[in-house]
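Report on the structure
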Amino acid sequence: MPRLMTSNGTKCLLSHGPTHRNPWRLYRRIYNISRNLSYEAQRPPSTATALSLPKPQHITPFSQSSSPNHRRGAHTIDAPSSPSAARPYSPPTSGILSRLPKSWVPYGELIRIDRPTGTYYLFYPCLFSTLMAAPLATPIATPLSVLSTAALFFAGALVMRGAGCTVNDLWDRNLDPHVARTRHRPLARGAITPPRALAYAGGQLLLGLGILLQFPAACLWYGVPSLIFVAMYPLAKRVTYYPQFVLGLTFSWGAIMGFPALGVDLLSFGVGVGESGGAALSAAALLYASNVSWTVLYDMIYAHMDIKDDAKAGIKSIALKHDADTKKVLTGLAAVQIGLLGAAGVAAGAGPAFFIGSCGGAALTLGWMIRRVDLKSVKDCWWWFVNGCWITGGVISLGLGVDYLVRYAQDDNTRGKEN
């Protein structure tokens, strides 16, 4: 009798047990297999079976998160109908936060102690005004007094920046969970309760008041009004596309404070530019306006990191309003900043070192930044926000510092000849 030639799968069925001895049972087995194959072919392909490939999961292309410290892998596998999964919070393992006791970490995060760029941006206007006011003081301020005043301003900037961040996060605690860069902030993730954050802000404000009281008494009356803008900024993000302007009014307040800190009382003089006091008042006002423009400029770049999340969360910003023309707006802001800075120098009687170093240097660095920054790249916006602080702030400070030292040396020579 010739052998029955079968496929491997069927041969497997026939070669084991007594099945091949009963043709009827063999027929039933083959029939059931064929019916199952037909059924599987008609089933919707969305459900995986032993004889069909499972439906592939959705593969989302790589996209950078809006946080400079948050990066996703080349591909992320998510459910087809769900948004990409957010990376869960993980405690810091490096930097200053990792050295704090565990219970202190949320409070360190709340004041952004690991990201000091905001402190530097708050400090630079104080330094600018101190260096510009020093030659206008009577007698001219000594280098030691300038350095000690600048050190006090830095301590105040550190404390008040932390207080501002705490107030901001209290306002935004219901919005921050919807923005990738801010969803892990302590209030947003529930690590700190609002009452504790409020008490923490009060403690920082008291500490800031203690630092303010180390300055001449007149500084108290100049400094307290800035708290109005500290409270207004988070609200401005909800009602206007220009909250950066309110932030500028807040962060630039130090451009006024350097004058009374060195004994130049702006409000005790007339307004005429020809009078010495009027010159100081004009210089302070122009320097303040220049710094407002600078703040709007760098914070517009910063706002581009959150532009997509802000649109979804209903948060307003100048970056959203002028997304298509951002570089034109940045160029205009830079021109205004440099023009007002130059006018402040004229009012204060500054010399060539200021106009070449501060004004010329600011023009070069801002032009370079505006040309180079890639507003569609979160990483690039963050780099320029951080480093632009040192680059532009540094050249302005350098020009002001050299101008002060030249004028101080000239004044010292004049007094030496008189004696």
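Please refer to the structure placed before this passage.
Procedures and definitions
Residues numbered from 1 in each chain as written. Predicted model: local features only at pLDDT ≥ 70, side-chain atom pairs only at ≥ 80, totals over all residues. Heavy atoms only, no water. Helix = DSSP H or I, 4+ residues; strand = E, 2+ residues; numbered from the N terminus. Buried < 20%, exposed > 50% of the residue type's maximum accessible area, 1.4 Å probe, protein only. Contact = heavy atoms within 4.5 Å. Areas by Shrake-Rupley, 256 points an atom, 1.4 Å probe, with all protein chains shown as cover. Phe/Tyr/Trp six-rings, centres within 6.5 Å; stacked < 30°, edge-to-face > 60°. Patch = residues over 30% accessible without salt bridge, like charges linked within 9 Å, V, L, I, M, F, W, Y side chains within 5 Å. Salt bridge = Lys/Arg side-chain N within 4 Å of Asp/Glu carboxyl O. Expected span 1.5 Å × (residues − 1). Bend = angle between axes of the 7 residues up to and from the residue. Core = buried A, V, L, I, M, F, W, Y, C linked by side-chain atoms within 4.5 Å. Axes fitted to C-alpha atoms, helices over the stretch in contact; angles between N-to-C directions. Parallel < 35°, antiparallel > 145°, perpendicular 65-115°, else oblique. Nonpolar A, V, L, I, M, F, W, Y, C, P; charged D, E, K, R; others polar.

This brings us to the overall build of the protein. The secondary structure content of the protein amounts to 18 helices and two strands. Relative to its 419 residues, the protein shows a buried fraction of 44%. Considering only contacts in the protein between residues 6 or more positions apart, those separated by 24 or more positions represent 70%. With the model as given, the accessible surface of the protein reaches about 22500 Å², and the carbon-plus-sulfur share is 64%.

Within the structure shown, the criterion is met by 24 aromatic pairs. Taken together, a centroid distance of 4.5 Å and an interplanar angle of 45° make the contact between Y302 and F385 tilted. Of this pair, Y302 sits in helix α13 (residues 276–303) while F385 sits in helix α18 (residues 378–418); the two residues are 83 residues apart in sequence, bridging distant segments of the chain. Among the residues examined, F385 registers a relative accessible area of 9% and is labelled buried. Here a set of aromatic residues connected by ring pairs shows up, and it is made of Y120, Y121, F123, Y124, F128, F154, W294, Y298, Y302, W382, F385 and W390.

Attention shifts here to a nonpolar patch on the surface. Together, W171, L235 and V239 make up a nonpolar patch on the protein surface, roughly 290 Å² of accessible area in all. Of note, L235 is situated in helix α10 (residues 226–239). Residue class for L235 comes out partly exposed when judged on its relative accessible area of 39%.

Along its 17 residues, helix α5 (residues 117–133) runs 25 Å from first to last C-alpha, staying within 8% of the 24 Å computed at 1.5 Å per residue. Its axis deflected by about 25° at F123, α5 carries its strongest bend there, up to four residues before the proline P125. The element α5 is largely enclosed, with a buried count of 17 among its 17 residues.

This next bit is on the nonpolar core. Formed by 83 residues in total, the largest nonpolar core has its most connected members in M132, F259, L266, Y288, L297 and I301. Take this core: its biggest share by element is 13 residues, from α13. Other than its neighbours up to four places away in sequence, I301 contacts L330, M369, V373, L375 and C381. Listed in part, the five residues of the second largest apolar core include L110, L170, L187 and A197.

Turning to unusual backbone geometry, a few remarks are in order. For residues that are not glycine, phi is negative in most cases, and the peptide bond is trans in most cases. Backbone torsion omega between T138 and P139 reads -5°, so that peptide bond is classified as cis. Checked against the element boundaries, P139 lands in the loop between α5 and α6 (143–171). Even without being glycine, R112 reaches a positive phi, approximately 55°. Topologically, R112 is positioned in the loop between α4 (105–110) and α5.

Attention now goes to the packing of α10 against helix α11 (residues 243–251). Closest axis-to-axis distance for the α10/α11 pair is 8 Å, and the angle between their directions is 170°. By the angle between their axes, α10 is roughly antiparallel relative to α11. Touching F229, V230, M232, Y233, A236 and K237 of α10 are P243, V246, L247, L249 and T250, all from α11. Among the residues forming the contact of α10 with α11, the class breakdown is nine nonpolar, one polar and one charged.

The next thing to look at is the environment of P234. By the element assignment, P234 lies in helix α10. According to the relative accessible area criterion, P234 is buried, its value standing at 1%. A C-alpha to C-alpha distance of 8.0 Å links P234 and V167, two positions 67 residues apart in sequence.

Bringing the environment of L100 into the picture now. Looking at the secondary structure, you find L100 in the loop between α3 (95–98) and α4. When its relative accessible area of 25% is taken as the criterion, L100 is described as partly exposed. What L100 contacts, discounting residues up to four positions off in sequence, is V105 and G108.

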